[in-house]
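Report on the structure
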Protein chains: 2
Amino acid sequence: MKTILRAALAAAAAAGLVSPSMVTAQEPPAQEPALTERQAQTVDRLIDAGLEDDLAWEILESLTTEVGPRLGGSPEEARAREWGVQELKRLGFKNVRIETYEMPYWARVSESVEIVSPFPQPLAVTALGGSIATPEGGVSGEVVHFRTLLELQAAPDTGLEGKIVFVDEPMARTQDGSGYGTAVRKRSQAAVEAGKRGAVAALIRSAGTDSHRNPHTGGAVSGGGKTAVPTAALSNPDADQLARAIERADEPVIVKLDLQVETAESVTSGNVIGEIPGETDELIVIGGHLDSWDLGTGAIDDASGIAITTAAAKLVGDLRGKPKRTLRVVMWGAEEVGIFGGKAYAEAHKDEMDKHVLAAESDFGAGRIYRFDTRFAEEEVAKAKVFEGALRRLAITPGNNMAYGGADIGATRDMGVPVVSLRQDGTDYFDLHHTPDDTLDKVDPEALRQNVAAWAAFLYIASELEGDFGRLPVKE
Amino acid sequence: MKTILRAALAAAAAAGLVSPSMVTAQEPPAQEPALTERQAQTVDRLIDAGLEDDLAWEILESLTTEVGPRLGGSPEEARAREWGVQELKRLGFKNVRIETYEMPYWARVSESVEIVSPFPQPLAVTALGGSIATPEGGVSGEVVHFRTLLELQAAPDTGLEGKIVFVDEPMARTQDGSGYGTAVRKRSQAAVEAGKRGAVAALIRSAGTDSHRNPHTGGAVSGGGKTAVPTAALSNPDADQLARAIERADEPVIVKLDLQVETAESVTSGNVIGEIPGETDELIVIGGHLDSWDLGTGAIDDASGIAITTAAAKLVGDLRGKPKRTLRVVMWGAEEVGIFGGKAYAEAHKDEMDKHVLAAESDFGAGRIYRFDTRFAEEEVAKAKVFEGALRRLAITPGNNMAYGGADIGATRDMGVPVVSLRQDGTDYFDLHHTPDDTLDKVDPEALRQNVAAWAAFLYIASELEGDFGRLPVKE
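Below you will find a few notes about this structure.

Definitions and cut-offs
Residues numbered from 1 in each chain as written. Chains lettered and ligands numbered in written order. Predicted model: local features only at pLDDT ≥ 70, side-chain atom pairs only at ≥ 80, totals over all residues. Heavy atoms only, no water. Contact = heavy atoms within 4.5 Å. Buried area = accessible area lost by both parts, 1.4 Å probe. Salt bridge = Lys/Arg side-chain N within 4 Å of Asp/Glu carboxyl O. Polar contact = N/O pair within 3.5 Å; in protein donor to acceptor, adjacent residues only side chain to side chain. Helix = DSSP H or I, 4+ residues; strand = E, 2+ residues; numbered from the N terminus. Nonpolar A, V, L, I, M, F, W, Y, C, P; charged D, E, K, R; others polar. Least-squares fit on C-alpha atoms with pLDDT ≥ 70 in both. Buried < 20%, exposed > 50% of the residue type's maximum accessible area, 1.4 Å probe, protein only.

At the junction of the two partners, chain B supplies 32 residues and chain A supplies 32 residues. Across the chain B/chain A interface, buried area totals approximately 2600 Å², and carbon plus sulfur atoms make up 44% of it. When the buried surface of chain B facing chain A is broken down by residue, Thr65, Arg213 and Arg248 of chain B rank first, second and third, together holding 26% of it. Run the count over chain B and chain A and you get 6 salt bridges. Glu66 of chain A serves as the salt-bridge partner of Arg248 of chain B, at 2.6 Å between the closest nitrogen and oxygen. In this assembly, chain B and chain A are joined by 25 residue pairs in polar contact (both at pLDDT 80 or more). Those elements that place two or more of their residues in the side of chain B that touches chain A are α4 (55–67) and α8 (236–248) of chain B. Its residues assigned to classes, the side of chain B that touches chain A comprises 9 nonpolar, 12 polar and 11 charged.

Set out below in structure tokens:
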């Protein structure tokens, strides 16, 4: 019977109806990577434990309540580092430490936007990260409406002198967050494109999918933005309102923008690190970022990532005996304002990069994981199946070998370290992301537990699996 | 067959299984109030037209966009009156005018609350209407947590000296809005009860059902509040946060509150009135309130009411020939801050109250109408069935004869004028009510049309029906 089934599957595979892996699923040849019976049982026990986990919630509640908002480089982020050290020690992690680095600092002081005429009224707005200030007292000008960034980019190099640009482009709601890439281009380019053409400020419709009057902040301007003018995001209802005002007015709509900011050339920030020592000094590096934007308490971005990865590592660490590889949890600093912690980590650890077997970050909220992506060396891709099989009972579907990994491990990945992505459902993520509404009540405890279960299973397999995941091409 | 059915229904009615009215539904006796065949056809035409109405949306969009927020007594409310006059004239209403009155003025200037220790962070807060200011620079104190207003009321008369009271009572989500009555008691009593006991300020959990960081404002303190201390509402997530901070801290939680307000003993406000003259000088008075709280653009509270009643009156006015009774649309002023417009209307028109046949207000958002309540004189209650029958095709169910009518017609009702309530589904109303989120995007155009259809049918029947609705007991 088995032989007949195998023959039938082989024929189907030849016809392209099923994948070759289905053919071999019945009896994997000895050389295919697989868990031992005992390892498979341990994975199941870890998943069971993860699905009943309360530690992640406790970590999440503690960080968001006791520290609250924690902007990269701020005194609040420093308090978060102390919190992180205390928490990792309390949970029994070893080699707990802060690795500091220096970074430039930006913070909002005040922000306001109003329609001056013909329909005077305030609009809900937030300064975008890195924006320069307006002159004190603000800057006024006629609003020029662009439905998309492309329309602004297609505008002539002159003709916007003294005007305020309004880029009204909406953002697509997607499960995988792919709408955000486009939105980030709008957020980071509007001020530069506006400035090039002589405009005095740039407003954008928030990079967000909700309909609440909580505008979405986010990084807008970094190194290349020499021509960037003051820039801020309107909430979606306020962008609607401004667009309607322009539509209904029979005269130019005049808007006044007043942004005041605080900057410093260099402040100290840091990454918080803790480890579960393994039998070898090979490293599996996981974590989330410790900083948040200032508007909310950063529950989904990214206290959840901190909580999920710490709780998962603790579950694996609580198993009898040491893990084969060392598990390193990193709470990266200052991600939002320029990925300073992630870059500093890679720089500080470049001499031990060959010991980094695999890296992964949780930084997309607390929605259920629905897909598992890898970025392994081509010759090691077959190992993805071991993870995929173990995660199947959590309703996680196999993905591809083009994993992003996470912003904070980008620099590590660029040094050749393979990464994975445990991809979370982000359908509602951009309703909250970078707004005052990023608070604890938005997290679903059951979804959080599913995350912990998946990360624990992933982490255990990554630690125990025979052989590594190869090396990725190094990017200079 | 008919005889048998009637006999069966009579028997069922005697047994209490069906109401007596069902028994007679087959063949109403001549003396029961009813529409003529022609009138019934007109009602159907009005409902058809209402369900395709675009005027209400146009009015709603115009008021919320071109005027925006319009606090009672403010220059913005004065602009709203000009808008109202222009709009009613444009639509062909007659006797369009502003009837002014004087009122005391209160407005917020600035507001902030922060946890000072042990978990320093800002909280999202809004001053409650009528609150006195804190000293400049704010007031700090230990927070004392009361889960309900009842707990605060049960506290001893001393023991809260120098403290900041926090009344954490949540609000029930209900279709009929009945949770609001309890919530208003909390909002209006916390500051008084706190002050009596020596507290320096009172914070409440917002009177609202959402989980966004948009606190709900609303009137807190009026005449009787001699002991009232500065008072403000936290958003629901911030109330959660403060409660968690208190729970997690092993020392007193210190909060600082800084509220600055502006007041004036007397400013001018007014009601905007327009009419569709009838064959007689008997009056049917309908409308909504023109003012809004300052935080949002008052789309659901109460530009929708203005839009629905104006559009419905216009539909009836566009019928061939004059209505039998005069239809008077009133845009009442300054409802939110003390029902000044509604009271001024009744006072100004007390000499023609005997000509007021019926009054009704739309002031519960733009949700679908699901029920029709009356408050007719007992001997005229049978006339409710005429309205109920006509509204049945809009999925509106008969209610009772204890209609509230609306805040702005309270004083009119107290002078003996019968009222009705076209009751709207308020399940989500208190997610938005009195917050920055009360904006146009929250209104469902289809539900708005159902409102217009129901109001047009109601208004026509109220105008044309033979005989009046009696008089209610006069309240001194």
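Now that the structure has been shown, the text picks up again.
It is worth spelling out the relation of the copies chain B and chain A at this point. You can overlay chain B on chain A at an RMSD of 0.0 Å; the transform is a turn of 180 degrees with a shift of 0.0 Å along its axis. Look at the turn and shift together and you get a two-fold axis relating the two. A shared interface surface links the copies, since 100% of the contact residues of chain B are contact residues in chain A too.

Below, the discussion takes up unusual backbone geometry. Here the residue pair Asp301 of chain A and Asp302 of chain A is connected by a cis peptide bond, since its omega of 10 degrees sits within 30 degrees of zero. Tracing the sequence through the fold places Asp302 of chain A in helix α9 (residues 299–317). For the peptide bond that leads from Ser117 of chain B to Pro118 of chain B, omega is 5 degrees, which places it in the cis range. By the element assignment, Pro118 of chain B lies in the loop between β1 (94–117) and β2 (121–123). Of note, Asn95 of chain B is a non-glycine position whose phi angle comes to about 50 degrees, a positive value. With respect to the helices and strands, Asn95 of chain B occurs in strand β1. According to the relative accessible area criterion, Asn95 of chain B is partly exposed, its value standing at 45%.

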